[in-house]
Every structure is written in C-alpha cells, then in structure tokens.
Amino acid sequence: MIQNNDMEQLSKDLAPLCDNLTNAVSALSSNHGSRASVISAAQAIIHAAQGPQDLYVHFVVNKCEIIVMRLFLKWEVFQEIPPQGSISFTDLAAKIDAEVGLVARLSRMLIASGMLSSPGPDRVAHTHRSRMIAEDPLFRSTAKLILYEDFPQAAGTPEYFASRGRREPTDRTDTAFHFRRGEQPGRRSAFDLINEDPALLKIIMEAMVRTQDFLASPGYDFSWLVSPTSTSSEKAGDGDDGDGGDEGRTLLVDVGGGAGHTIREILQRTPELAAERCVLQDTREVIERAKRQVAEAEGPAALLRGVRMMEVDFHAEQPVKGAKAYLIRRCLHNYSDGESVGILRQIREAMASDSTLLVMEMVLLPESPPFCYAMDMAMMGIAGKERTLEDWRAIAAEAGLRINRVVPAPGIGVSVIECVKEA
Ligand SMILES: C[S@@+](CC[C@H](N)C(=O)[O-])C[C@H]1O[C@@H](n2cnc3c(N)ncnc32)[C@H](O)[C@@H]1O
C-alpha cells in the first residue's frame, strides 16, 4: 500500500532521473537546452520521490498557495513590495489597508512556498518569480485570469457535471462558465457575457497579448504572402493553381484576431507586408478597443496603423472575399466540433480557389506537455477543446477543407495548420 518506502530502491530509481536533470542543465550552457526540459526533469525527480505524506503535502500546499495568490492578485499586493530590498509586514499592511496579523500569515504562506522571500523577521521581499508578476501588468492580468477568474469556475465543475451529466460540454450557452455565474442556458455564449464585462474583457485581452509571446509559432515563414507568384501550397510543393495576380488583393485576414498582436508579429517578421493589405476582425467591443489602442500607440504597437479593423461575427458570412490568406488563431479551440465546422465553413465560402487558411492552434500529441492538456481542461469550461491532428483533419474535411501542411510548434507553441479548399 505505502509506496516508496524502500529507500534503497528509491535511490536506484532516482539516480538516472538525476542524470537526466544534470544533462538538461548542461544543455543550457551549450544553448541546446530549454528551461522546459530542466523543469520537466526536475519534476520527474519530485514525482518519483513522493510518498503518501509528500503527496498529501503537495495537495495542501498547492491549494493554499493558489488561495493566497488569488488574494494578493486581487488586493494588488505584489506591486507594493519594493523591487529591491524588503518591506515590513506592518508597512505592507498599511499600503493595502489590511490587518498586520492577516498580512503576516498570508505572506508567510507564500514565503514558505517559495513565491516570496524573507530577509529577516516580519519582512517580505520579492523572489525572481514574484518580481515577474509585480513588474509586468500584462503578466499580472494573465495570472489574474487563471487564478482569480478561471479558478472558481474550474473548482465548481463537480457541481456542474452533477447538474448536467457526465458528458463533454458542447453547448456554448451552457458551460461551467455560465454555471458559476448562475446564467440561464440557451441565451448567450461566454464571449457574449465577457463582452458585457469591461473589466474581465480587459484582463482577457491583456492575457492574450502576453501569452502570444509564450505560444509562438517560431518555425513558420509568412514571406510567401508577399511573393507575387507563390501561394503557401506551392511553397509546400503541392502545385496549387495560384494566378499570382495579387495586386489590390487583401493579403491577410486575421479572423478573431483580438488586439491585433498576431498581425503585429507577422508585420514585424515580414517587413515587405504592408499593413494596408491586412484586415483585423473581431467583435465590436474588441475592435473598438483595438482602434483606440492603435490611435494612441507608439513603438511596435504603431505597426498596426493602416490595418483595416472590421467588426464581424465569425459564425456569420465572412465579408472579405478571395483574400490570399485567412488566419484564425486560438479561436476554434473555444468551440465544439460542430460550431468549429460552422466557423470554418464561413471562411471556406469566402476563399478563392488559391486562398490559404492558416489555422493556428495547438496540435495535441501523446507527449505534449501537461500545459496542453490543462488548456484542454480550460477550454472544456466554455464548451471548447484542444485537438489532435486527427481531430483537425476531421473538422477541416467536414467544412470542405483539406489540410495541406502542418508546421508544428515545439512544447506549448501554436502549430500552423495550412488548409486549402477541397475541390
Ligand atoms: C481566444 S481569443 C484569440 C485571440 C487571438 N486570435 C489570439 O490568438 O490571441 C478569441 C477571440 O475571438 C473573438 N471572438 C469571439 N466570438 C467572436 C465572434 N462571434 N466573431 C468574431 N470574433 C469573436 C474574441 O473576442 C477573441 O478576441
């Protein structure tokens, strides 16, 4: 019953795992390694070493760390801890209008778990981990979205499934998101509700911008968009019938493109691509917000000036016809297969015979890191899902599209799934 009590055996089991960790750390210095490999090797050691007491401790500590993180994010505590040096519990309590005793107890939890540090009695300081939260408002929004907004909904899923039955959610008007908010099924989607909540919308848009950097598609070259004769499929060696007459043609439509961060990255990576040949589409609220941001923007954000900003409903007719490329990134994972097919069909109807659709989404593999499966759980909360390549092939085919090429992204990145119209 009790595992891992044979310490001699445990030591033998751990030895190769420690070698893996050493190798992963060494690879960092030769620039061939990644933080993800180091973390995964370290986690394998922790998992192997855990006995029942450790697993119990793991659950208790993780739960409490999340609870205090939620409070500190809500109360904006991280920004009140000085970037360098430390602050006393008394001074911190005064800054956030809380009792010293409460601040001390909550801070000690995060100090013990390694999120914060303490240079002396009754004082608290940043670690490099908490500093990332304090110094980056977009990262803070990401943490708030996960821990403050999503967490209670995820914690309520036992009651949701008890009420709705043990089946995959497919109705976007009746999800755990609705259940937590006491919303009547059959009326509005999670996105409708989010659009009515400016504070939540702001957090989500900021989190999308920040996670754009984490969920990159590094291997994909967009330069074919500006090549007069080539289409992406020719580039893939598939002999498409592109006529090369791209003058005046819209080159790129980002459907459900949010704040325009994907187009901005593509413009940065493809200097020959003119902003005026690109279209950003999203809901009214998001487009209005994006227009305001671009008007005020300086630096890289100003790259979006000239991009046509268009309010659309991607469940309805796609208004831009015959563009060279359509792009839909991290939207279809918000929907069930049936709804995703509907969205894809709207794009297909607008595509010319030589148009390419770039679906930028995760492609689940058996060896995908746990984060990818955690995203699948998060999507389940709004009746969406992450998909395997087989899943993508099936919904593309149902929408009258064929997957021409997949440019995979390593780790937690977003792959590029190139689709063309099925003849
Ligand atoms: C998960 S975000 C992805 C944003 C961006 N493409 C990215 O990769 O970060 C989904 C986007 O779809 C937009 N959206 C939701 N419903 C929509 C609809 N019916 N029509 C157009 N856009 C919609 C949301 O406003 C949001 O910007």
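Quick caveat, the model's predicted, so the values are computed rather than measured. Numbering of residues starts from 1 in each chain and follows the order in which that chain's sequence is written. Per-residue local features are limited, in this predicted model, to residues with pLDDT of at least 70; the limit for side-chain atom pairs, both in listing and counting, is 80 or more; totals at the level of whole chains, interfaces and linings are taken over all residues. Side-chain figures throughout are based on the complete set of non-hydrogen atoms in the structure, without hydrogens or water.

(A) A look at helix α11 (residues 198-214). When the terminal C-alpha atoms of α11 are compared, their 25 Å separation across 17 residues agrees well with the 24 Å that a helix rising 1.5 Å per residue should span. Along α11, the positions that sit buried rather than exposed are Leu200, Leu201, Ile203, Ile204, Met205, Glu206, Ala207, Val209, Arg210, Thr211 and Gln212. Residues are treated as being in contact if the distance between any of their heavy atoms lies within 4.5 Å. Secondary structure elements are taken from DSSP: a helix is a run of H or I of four residues or more, a strand is a run of E of two residues or more, and numbering for both begins at the N terminus. Against α7 (137-155), α9 (176-181), α10 (190-195), α13 (261-269), α14 (284-296) and β7 (325-329) lie the buried residues of α11. Multiplying 1.5 Å by the residue count of a helix minus one yields the expected span of that helix. Burial classification: accessible surface area is computed with a 1.4 Å probe over protein chains only, and a residue below 20% of its type maximum counts as buried, one above 50% as exposed, and the rest as partly exposed.

(B) How the structure looks around the nonpolar core. Counting 45 residues, the largest nonpolar core has Leu267 and Val307 as the members making the most contacts within it. Broken down by element, this core gets its largest block of residues, six residues, from α11. Where each domain starts and ends follows an automatic or database-derived domain assignment. Taken together, domain 2 (141-200) and domain 3 (215-421) each give at least three residues to this core, which thus spans both. What we call a nonpolar core is a set of buried Ala, Val, Leu, Ile, Met, Phe, Trp, Tyr and Cys residues that are connected through their side-chain atoms within 4.5 Å. Core analysis: the second largest hydrophobic core is formed by 30 residues, Tyr335, Ile347, Ile403 and Cys419 among them.

(C) Broad picture of the pairing of strand β3 (residues 123-126). A strand pair is defined by DSSP finding two or more bridges across the two strands. When strand β1 (residues 86-88) meets β3, the two strands line up antiparallel, connected through three bridges. The residue bridging Ser86 from the neighbouring strand is Ala125, located in β3. Relative to β3, strand β2 (residues 116-117) runs antiparallel, the two being bridged by two bridges. The residue bridging Ser117 from the neighbouring strand is Ala125, located in β3. Hairpin remark: β2 followed by β3, antiparallel, with five residues in the connecting loop; positive phi at Asp122, about 60 degrees.

(D) Broad picture of the domain arrangement of the protein chain. Taken domain by domain, the protein chain consists of domain 1 (7-135), domain 2 (141-200) and domain 3 (215-421). The C-alpha centroid of domain 3 is placed 37 Å from the C-alpha centroid of domain 1.

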